[in-house]
Amino acid sequence: MIVKNIEQFNDFFASNGQNSLVLTLFEDDKITQNGLDLVTYLAENIDKLSDEVHEVILNIPYEKLPKSVFEYFFKLNEKLAQKESATLKFCVKHSQTIDVFDTRSANIYWDFDTIFNANVGIDDVCSFLRSSPLSPLEMLAYIHHYISTLAPYSQSNGIVYSWKNKDQFFAGAYQKLPEVVCAGFSSLMNEIIDNLNIPEIKCEILSLEILNKKKGKTESHTRCLVTIQDSKYGIDQAVFDDTTWDNISVTEEKACYAHFAMPNNSLDDESNARYHYSYPDKFEYAKCKANMAIVDENLSCDNYNRSLNKIDQKMIETAFFNMLSYSHSDKSFDEIYALLENMAKSSLEEQTKREFAGNLTSDEPQLTKEQARAIFDEKRKLDTTIIDMGI
């Protein structure tokens, strides 16, 4: 039964044979106070809930929610846990329209822990980056590293490709048994960058058809197009970023940056021995309904580039070592540089396996130990200054 106002609760509590309760918390794609009042009222009257009710479903506009609403959900979830007869679920209605001939829609149900962990994860990343002295490229390195090591690539059970699958959405990466593929990884990068909301980094989702020349097989794939400006590194351009193909391991020791900040020509045939890419379609992503509509067909790979410098392996390693020094304040210099050495090896191996002309030329860091030491010491000096200032 769907309850839209407090008065309707009396009818629901008095009814028999109802096995689910549905509360709609939003209107015009925004959580309303009326919706939150329904959650509060149910929590305060949980003893009136029949044991026949086995699930309470909260309709939400999409998976990323304001921090302020979770105090309502926590109280209800706690009350339901005490009652033990019903579980709390979140329902998001999703639809994807490719064109007038191909429309899919589905209701996606998420458990409380998944939605909570997804929101906390994104908020924590954004909070850390906003409070850090990292430059935009270093922030992007942190986001790439976080996503590519968050959860293993894992398809949902059942249909391999369907918008009914949880692996298409960023929340799938936060399930106890993750369900996340390229669409989920890409939408998570898009979500983090949108929530970070700084003018120097913008993200768009791309859909590509990729022919594996060696296997004669065509597959669909999703990756991101990121526009980034960073005066520290002298870059101002668009780059491709693919956390999915760098998701070769969920352990940090074997993290990978082969597909980080890829060149604008990385989709061209002359740059690829293994793959032939169709020109990507750029999507406009309406998050409240996960509606993706093509806004630019056959997107040119020759995106704007006003960079003073060229992104190369040393620049990437400098950005990664900076972000590792700030995000691993408990690790020694030798430990952090060892991580970089492992990344250099696994990244070149991945680039070689994919047979494309990327940014990498060596399986050893091009950022020398002396250069890395200077970065590390500057970070530790900054930490000491902050402590001395009592910040």
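Scope of this entry: the structure provided in the associated data block. For clarity, every value in this text was computed on a predicted model and none was experimentally measured.

1. As for the pattern of salt bridges
Any two side chains of opposite charge can pair, on the condition that their charged atoms come close.
Part 1 of the reasoning: Tallying each qualifying case throughout the model produces 14 salt bridges.
Part 2 of the reasoning: Here lysine 217 and glutamate 219 are joined by a salt bridge, their closest N and O atoms 3.4 Å apart.
Part 3 of the reasoning: Using a relative accessible area of 43% as the deciding quantity, one classes glutamate 219 as partly exposed.
Part 4 of the reasoning: Glutamate 349 is the salt-bridge partner of lysine 345, the closest N and O atoms lying 2.7 Å from each other. A residue pair is termed a helical-turn pair when its members lie 3 or 4 positions apart in one helix, as lysine 345 and glutamate 349 do in helix α8 (residues 333-354) at four residues.
Part 5 of the reasoning: Judged by its relative accessible area of 44%, glutamate 349 falls in the partly exposed class.
Part 6 of the reasoning: If you follow the salt bridges from partner to partner, you end up with Lys214, Arg274 and Glu355 in one network.

2. Examining empty space enclosed by the protein
Part 1 of the reasoning: Within the structure shown, the criterion is met by two cavities of 30 Å³ or more.
Part 2 of the reasoning: Around the largest cavity, the lining residues are Arg223, Trp245, His259, Met262, Ser266, Leu267, Asn272, Tyr275, Tyr277, Arg354 and Phe356.
Part 3 of the reasoning: Residue classes in the lining of the largest cavity are distributed as six nonpolar, three polar and two charged.
Part 4 of the reasoning: Empty space within the second largest cavity amounts to approximately 30 Å³.
Part 5 of the reasoning: Taken together, Phe12, Phe13, Ser15, Lys48, Leu49, Ser50 and Val53 make up the full set of residues lining the second largest cavity.
Part 6 of the reasoning: The residue inventory of the lining of the second largest cavity, partitioned by class, reads four nonpolar, two polar and one charged.

3. Considering helix α1 (residues 7-14)
Part 1 of the reasoning: Among the residues of α1, Phe9, Phe12 and Phe13 are the ones counted as buried. Along α1, the residues classed as buried sweep out an arc of 95° about the axis, all on the same side. Relative to its buried face, α1 has exposed residues pointing more than 90 degrees away, namely Glu7, Asp11 and Ala14.
Part 2 of the reasoning: Looking at the buried residues of α1, the elements they touch are β1 (2-3), β2 (20-24) and α2 (33-44).

4. Observations regarding helix α6 (residues 182-196)
Part 1 of the reasoning: Between its first and last C-alpha, α6 extends 21 Å over 15 residues, near the 21 Å set by a 1.5 Å rise per residue.
Part 2 of the reasoning: Of all 15 residues in α6, 13 are buried, a share of seventy percent or more.
Part 3 of the reasoning: Positive backbone phi, approximately 55°, marks asparagine 197, located one or two places after α6.

5. A look at the packing of aromatic side chains
Aromatic ring pairs are reported here in terms of the distance separating the ring centres and the angle at which the planes meet.
Part 1 of the reasoning: Throughout the structure, instances matching the rule amount to 19 aromatic pairs.
Part 2 of the reasoning: When the ring of phenylalanine 70 is compared with that of phenylalanine 116, the centres are 5.7 Å apart and the planes differ by 70°; the resulting orientation is edge-to-face. One end of the pair, phenylalanine 70, is in helix α3 (residues 70-83); the other, phenylalanine 116, is in helix α4 (residues 112-131), with 46 residues separating them in the sequence.
Part 3 of the reasoning: Taking relative accessible area as the criterion, phenylalanine 116 reaches 23% and is therefore assigned partly exposed.
Part 4 of the reasoning: Taking 6.0 Å as the distance between ring centres and 65° as the angle between the ring planes, the aromatic pair formed by phenylalanine 321 and phenylalanine 333 counts as edge-to-face. Of this pair, phenylalanine 321 sits in helix α7 (residues 313-327) while phenylalanine 333 sits in helix α8, and the two are 12 residues apart along the sequence. Neither phenylalanine 321 nor phenylalanine 333 differs from the other in exposure class; each is buried.
Part 5 of the reasoning: An aromatic cluster is present here, built from Phe70, Phe73, Phe74, Phe90, Phe112 and Phe116 joined pairwise through their rings.

6. Some details on the packing of helix α5 (residues 136-148) against α7
Part 1 of the reasoning: Their axes nearest at 8 Å, the elements α5 and α7 cross at an angle of 75°. Put simply, α5 runs roughly perpendicular to α7. Residue-level contacts link Leu137, Glu138, Ala141, Tyr142, His144 and His145 of α5 to Met315, Ala319, Phe320, Asn322, Met323, Leu324 and Ser327 of α7.

7. Quick notes on the side chain of aspartate 246
Part 1 of the reasoning: Looking at where aspartate 246 falls in the secondary structure, it is placed in the loop between β10 (235-241) and β11 (275-277).
Part 2 of the reasoning: One polar contact links the side chain of aspartate 246 to the main-chain amide nitrogen of alanine 258, over a distance of 3.3 Å.
Part 3 of the reasoning: Filtering out sequence-adjacent residues up to four positions away, aspartate 246 remains in contact with His144, Ser148, Cys256, Tyr257, Ala258, His259, Phe260 and Glu350.

8. Comments concerning the environment of methionine 343
Part 1 of the reasoning: Here methionine 343 shows up in helix α8.
Part 2 of the reasoning: Taking relative accessible area as the criterion, methionine 343 reaches 0% and is therefore assigned buried.
Part 3 of the reasoning: Along the sequence, methionine 343 and alanine 258 sit 85 residues apart, while their C-alpha atoms lie 9.0 Å from each other.
Part 4 of the reasoning: Residue contacts for methionine 343: discarding those within four places in its chain leaves His145, Ala255, Tyr257, Phe320 and Leu324.

Quick notes on the rules
- Residues numbered from 1 in each chain as written.
- Predicted model: local features only at pLDDT ≥ 70, side-chain atom pairs only at ≥ 80, totals over all residues.
- Heavy atoms only, no water.
- Salt bridge = Lys/Arg side-chain N within 4 Å of Asp/Glu carboxyl O.
- Buried < 20%, exposed > 50% of the residue type's maximum accessible area, 1.4 Å probe, protein only.
- Helix = DSSP H or I, 4+ residues; strand = E, 2+ residues; numbered from the N terminus.
- 1 Å grid on protein atoms, 1.4 Å probe; cavity = no way out; pocket = protein on both sides within 12 Å on 5 of 7 lines; lining within 4 Å.
- Points joined across faces, edges and corners; volume = space filled by probe spheres on them.
- Nonpolar A, V, L, I, M, F, W, Y, C, P; charged D, E, K, R; others polar.
- Arc of directions from axis to C-beta.
- Contact = heavy atoms within 4.5 Å.
- Expected span 1.5 Å × (residues − 1).
- Phe/Tyr/Trp six-rings, centres within 6.5 Å; stacked < 30°, edge-to-face > 60°.
- Axes fitted to C-alpha atoms, helices over the stretch in contact; angles between N-to-C directions.
- Parallel < 35°, antiparallel > 145°, perpendicular 65-115°, else oblique.
- Polar contact = N/O pair within 3.5 Å; in protein donor to acceptor, adjacent residues only side chain to side chain.

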